[in-house]
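# Coordinates in review
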Amino acid sequence: MDTQLVTPIRTRAPLEFDLIADFICPWSYLGRRKLERALESLYGLPAPALRWHGLRIQSESAGSAAAWREHLKTRLPDGVSVDLAQDTLSQAGRELGIRFDFAHLGRVPNTREAHRLVKIAEREGAHALMVDALFSAFFERAQDLGNHHLLHELARDKGLATATLAAFDDPSTAGAEVDAEEKRLRGLGVM
């Protein structure tokens, strides 16, 4: 009688990461790049899932006519100057291929539309591509992420499908999802 022994092989569950960030947070941009670099060094494992969760930074300056420097000042601990923070961020960014252009950042935009675009791009698996494009647009080219036309052009330039672009042009698409996710995250204590 032939008998086969079957030995179960334990497989590792694939890595999954939930990234919670806003496009006007330079530390989020650095963190995303550092994570990407770390994940590139994993050999023999399937590519991990990176799930994006947009959470707008709530401060008096976010989405208002306040200048970037005013906004950054509200995010720093006592004793840390805006100039020191920007110099430190710039140095860390250079090591990761990020060219922060703080000198040209003007008004701090409301990023709700940018988060809505990422939520819609996720449907075609292009959310990571859009996240990178949005961080770069704001921090490296000082573009207004509150401008719907600019966001549409960024999505088009990144090759998003015509249906995705049309969905983004409909202001009712994914807006409730973005708002619900923010509410859920705030309810969990994420600030």
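Residues numbered from 1 in each chain as written. Predicted model: local features only at pLDDT ≥ 70, side-chain atom pairs only at ≥ 80, totals over all residues. Heavy atoms only, no water.

## Observations regarding the confidence of the model for the protein
Looking at the protein, the pLDDT average stands at 90 and 88% of residues meet or exceed 70. When the elements of the protein are averaged for pLDDT, strand S2 (residues 49-54) gives the smallest value, 89, and helix H6 (residues 148-157) the largest, 98. (pLDDT = per-residue confidence, 0-100. Helix = DSSP H or I, 4+ residues; strand = E, 2+ residues; numbered from the N terminus.)

## Focus on the pairing of strand S1 (residues 16-21)
Along a regular strand, successive side chains alternate from one face of the sheet to the other. Pairing of S1 with S2 involves six bridges; the strand directions are parallel. Residue pairing across strands places Asp 18 opposite Arg 51, the latter belonging to S2. Taken together, S1, helix H1 (residues 26-40) and S2 constitute a β-α-β crossover, and its handedness is right-handed. (Pairing = 2+ DSSP bridges. Right-handed = clockwise from strand over helix to strand, strands pointing away.)

## Considerations on the packing of aromatic side chains
As enumerated under the stated definition, the model contains 13 aromatic pairs in all. Between Tyr 29 and Phe 135 the ring centres are 4.9 Å apart and the planes differ by 10°, which places this aromatic pair in the stacked class. A residue pair is termed long-range when its members are at least 10 positions apart, and Tyr 29 in helix H1 and Phe 135 in helix H5 (residues 127-141) qualify at 106 residues. What makes Tyr 29 buried here is its relative accessible area of 1%. With relative accessibility at 0%, the residue Phe 135 sits in the buried group. Summarising the aromatic geometry, the rings of Phe 102 and Phe 139 are spaced 6.4 Å apart at their centres and angled 75° between planes, so their arrangement reads as edge-to-face. Of this pair, Phe 102 sits in the loop between helix H3 (82-95) and helix H4 (112-121) while Phe 139 sits in helix H5, placing them 37 residues apart in sequence. (Phe/Tyr/Trp six-rings, centres within 6.5 Å; stacked < 30°, edge-to-face > 60°. Buried < 20%, exposed > 50% of the residue type's maximum accessible area, 1.4 Å probe, protein only.)

## Digging into the packing of H4 against H5
Their axes nearest at 8 Å, the elements H4 and H5 cross at an angle of 155°. It follows that H4 is roughly antiparallel to H5 by the angle criterion. Seen from above, H4 lies across H5 with right-handed handedness. Contacts between H4 and H5 involve Ala 114, Leu 117, Val 118 and Ala 121 on the former and, on the latter, His 127, Met 130, Val 131 and Leu 134. In terms of residue class, the contact of H4 with H5 is built from seven nonpolar, one polar and no charged. (Axes fitted to C-alpha atoms, helices over the stretch in contact; angles between N-to-C directions. Parallel < 35°, antiparallel > 145°, perpendicular 65-115°, else oblique. Left-handed = near helix turned anticlockwise from the far one by under 90°. Contact = heavy atoms within 4.5 Å. Nonpolar A, V, L, I, M, F, W, Y, C, P; charged D, E, K, R; others polar.)

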